Amino acid sequence: MKTGVHDQGGSPGTPIPDEYVTHIRDVGLDVAFDVGWREGDVLVIDNGPDGPRPPPFEGTRRILVAMCG
């Protein structure tokens, strides 16, 4: 088992088996590709569709707008 690597889906503090970590690494390496980076290039990662979400909002909504010109 890897030290410091823990399963977020199971019981808190439960170690992730080595074969899971190895599989995730291998899949990542299989789908990786080289990029022809040039000076000034920027990488943007949008984890919105896959990232964690807060619980649904409950309460009264207020629309606040600030504009600068």
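Everything quoted here is computed from the prediction, not taken from an experiment.

Peer 1: Help me understand the overall build of the chain, please; the structure alone is not making it clear to me.
Peer 2: Assigned secondary structure in the chain consists of one helix and zero strands. Going through the 69 residues of the chain one by one, you find that 4% of them count as buried. With an accessible surface of roughly 7100 Å², the chain has 57% of that area assigned to carbon and sulfur atoms.

Peer 1: Honestly, a nonpolar patch on the surface in this entry has me stumped. Any pointers?
Peer 2: Where nonpolar side chains cluster on the molecular surface, the patch consists of Phe33, Val35, Trp37, Leu43 and Ile45 and spans about 630 Å² of accessible area. With respect to the helices, strands and loops of the structure, phenylalanine 33 is situated in the segment after α1 (18-31).

Peer 1: I'm lost on the pattern of salt bridges in this one. Help?
Peer 2: Pairs may arise between side chains of opposite charge once their charged atoms sit close together. Tallied over the entire structure, the rule returns one salt bridge. Taking the shortest distance from any N to any O, the salt bridge between arginine 25 and aspartate 26 comes out at 2.8 Å.

Peer 1: What am I meant to see in α1 here?
Peer 2: Residues lying three or four places apart along an α-helix face the same way, a consequence of the helix completing one turn every 3.6 residues. In a regular helix each residue adds 1.5 Å, so 14 residues correspond to 20 Å; α1 covers 20 Å between its end C-alpha atoms and thus fits that length. Little of α1 sits inside the fold, with zero of its 14 residues counted as buried.

Calculation notes
- Residues numbered from 1 in each chain as written.
- Predicted model: local features only at pLDDT ≥ 70, side-chain atom pairs only at ≥ 80, totals over all residues.
- Heavy atoms only, no water.
- Helix = DSSP H or I, 4+ residues; strand = E, 2+ residues; numbered from the N terminus.
- Buried < 20%, exposed > 50% of the residue type's maximum accessible area, 1.4 Å probe, protein only.
- Areas by Shrake-Rupley, 256 points an atom, 1.4 Å probe, with all protein chains shown as cover.
- Patch = residues over 30% accessible without salt bridge, like charges linked within 9 Å, V, L, I, M, F, W, Y side chains within 5 Å.
- Salt bridge = Lys/Arg side-chain N within 4 Å of Asp/Glu carboxyl O.
- Expected span 1.5 Å × (residues − 1).

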